[in-house]
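For reference, the chains in residue letters:
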Amino acid sequence: MEVEEVRHHIAPGAENTGRGVPTIVLAVVSSGLLSSGIWAVSGYSVVILPQVRNTNATFILSPSQASWFGIWLSLATLPLFMCIPGSLLGGMVGEWAGPKRLMLVLAPVLAFFCMSLHVASWKVIQRAGAAHAFLMGIRVIQSIIVAVLVPANTVYISEITDARNRGWLASLAEAWVTLGFLLCYLIGNYLHWYTAAWVLPLITTVPSFFCLLMAPETPPWLIRNGKIREAKFSLLQLRGSLVTAEKELKELRKCVRKGNDSWYHSLLLLKRKSNLIPLIISLLIVVLKELSGLSVMSIYIVRIFQLTGVGFNPFWSSFNVGLVRLVFNLIGSVLLHHLPRKFLLIGGALFSSVGTMAIGIFFFLQYKGCDLMQVIWLPLAGMIVYILGISAGVQPSSWVVATEILPGPVRSLGLGVSVTCYAISSFFVSKTFEDVQKILGLHGLFWSYTLGCLTNVLFVAFFVPETRGKSLEDIEKTWARSSESVQIKVPDEEIRFTQ
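Overview of the structure. (Residues numbered from 1 in each chain as written. Predicted model: local features only at pLDDT ≥ 70, side-chain atom pairs only at ≥ 80, totals over all residues. Heavy atoms only, no water.)

Below, the discussion takes up the overall build of the protein chain. Secondary structure summary: the protein chain contains 24 helices and zero strands in total. Taking all 499 residues of the protein chain together, the buried fraction comes to 59%. Looking at the protein chain alone, contacts between residues at least 24 apart form 84% of all its contacts between residues at least 6 apart. Carbon together with sulfur atoms contributes 67% to the accessible area of the protein chain, which is approximately 20,000 Å² in total. (Helix = DSSP H or I, 4+ residues; strand = E, 2+ residues; numbered from the N terminus. Buried < 20%, exposed > 50% of the residue type's maximum accessible area, 1.4 Å probe, protein only. Contact = heavy atoms within 4.5 Å. Areas by Shrake-Rupley, 256 points an atom, 1.4 Å probe, with all protein chains shown as cover.)

In structure tokens:
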């Protein structure tokens, strides 16, 4: 990419043209729509389970089949071994191919396999008794695709944004996730599951593909792979200012390491103390938040409202909670721009603990046979309080911090490891919902989530560093200094934009 091409796009001498804003918006929207599509696929069981477990349905899933089909994970919805290799593979391939390129390749594939679920509704498939196996097989494939996509999608937003705007722009990812689930709640109430299989990708994944075609690749990845001219042009597109782009490129080249492309080399880098410590903290951030029962609240929310027996429409109650979640996701993005990350993580977890405690109290009174007329509002109120804390504090901040603290050379692979561990914990919490309910009762189950919230509070308070206002390069230097590691630099070649 020659300098003359750069001048064609941005006027020489421009201090702050503002032309980077449309490009950033395009990149955020494309990544966000894909995120909504990913989580709509993961949450598709919210659409299909209530319909196929209905006695009037065309075919019925047994409780065991429904349990495996309905396990909601960030990466997979079926057996755990499908999730683990997919997550790690996503981190490795994302660093090798580039976040944008990987998303471009897999987005249409994900849309295709989501739409193909419609085949299970064909009478010839159902008469052959193959509908169950077909659904499970497609979900396995979807799980692997989602597993590979999530690390790339998360890294993409973190690496295209600057230090000042990275927090709130990256935290919008949680709003896109919520939108995906909200679409599932809404569509599941009006459309058949086989129609929803077409509608969901058409309004999320397909548009994201066309937006990604026009979005740039991340500058840090381009620099790590020695593509300096492409990184220069990408920065000019994203920042809209020659001065800003030149300054940021120099800072990136001082810290970003031109890497060995092999995944084996990335694994060796994880052994360094300066990379291993932030990796452990990153994975614990996303694992501990799952102990608060987030996956259960997302996928079993309709079932939970049914178990309360208070007469509320469970689908509309779920939709209202989802709407509250979306609103507070957006509020959380604004707060993340103005408040410390640790404050939001700790405050959100404390707020969520109040919500799970309240729901546990309701189910305890129900277990004791008390008159519930005076507290009929408690489950919905508790759920909203829980979602408020999760959506405005824990979720957006945790993923932002978990990504920010990872050093550049291991960011894609490290995030893949973190997401894999997150998926394991999410799988465990989701899969044991019915079992723990039988052992501890519903009240004990929700109080265990309260304990999970408080554990998260202690971990963040003592072990998680504050990252607000710091560039990715500054955070990486902090880990390097703390471990007294020697930093490997790209040769300091002078780079300037001629005007």
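So that's the structure; there's more coming.
Considering all chains together, one arrives at zero disulfides under this definition. The thiol of Cys184 is unpaired, and the distance to the nearest cysteine sulfur, on Cys114, comes to 8.6 Å. Residue classification places Cys184 among the buried residues on the basis of a relative accessible area of 1%. (Disulfide = S-S within 2.5 Å.)

The next subject is helix 10 (residues 193-203). Three or more residues of helix 10 are buried, namely Trp193, Ala196, Ala197, Leu200 and Pro201. Relative to the axis of helix 10, the buried residues are bounded by an arc of 115° and lie together on one face. (Arc of directions from axis to C-beta.)

This next bit is on the environment of Leu236. Inspection of the secondary structure puts Leu236 in helix 13 (residues 228-239). Leu236 sits in the buried class, given a relative accessible area of 2%. Once the C-alpha coordinates of Leu236 and Thr23 are considered, the two residues, 213 residues apart in sequence, prove to be 9.8 Å apart.

Judged by nonpolar contacts, the single largest core of 103 residues is most densely connected at Tyr44, Met383 and Phe446. Apart from residues no more than four positions distant in its own chain, Phe446 is found in contact with Met297, Ile304, Thr356, Ile359, Gly360 and Phe363. Among the nonpolar cores identified, the runner-up in size contains eleven residues, and Trp221, Leu222, Ala245 and Leu249 belong to it. (Core = buried A, V, L, I, M, F, W, Y, C linked by side-chain atoms within 4.5 Å.)

Moving on, we get to the pattern of salt bridges. The tally for this structure, following the rule as stated, stands at three salt bridges. The closest approach of N and O atoms between Glu290 and Lys289, which form a salt bridge, is 3.3 Å. Under the relative-accessibility criterion, Glu290 is labelled buried at 0%. Look at Lys289 and you get buried, because its relative accessible area is 1%. (Salt bridge = Lys/Arg side-chain N within 4 Å of Asp/Glu carboxyl O.)

Note that all results are geometric; they support no functional claim without further evidence.
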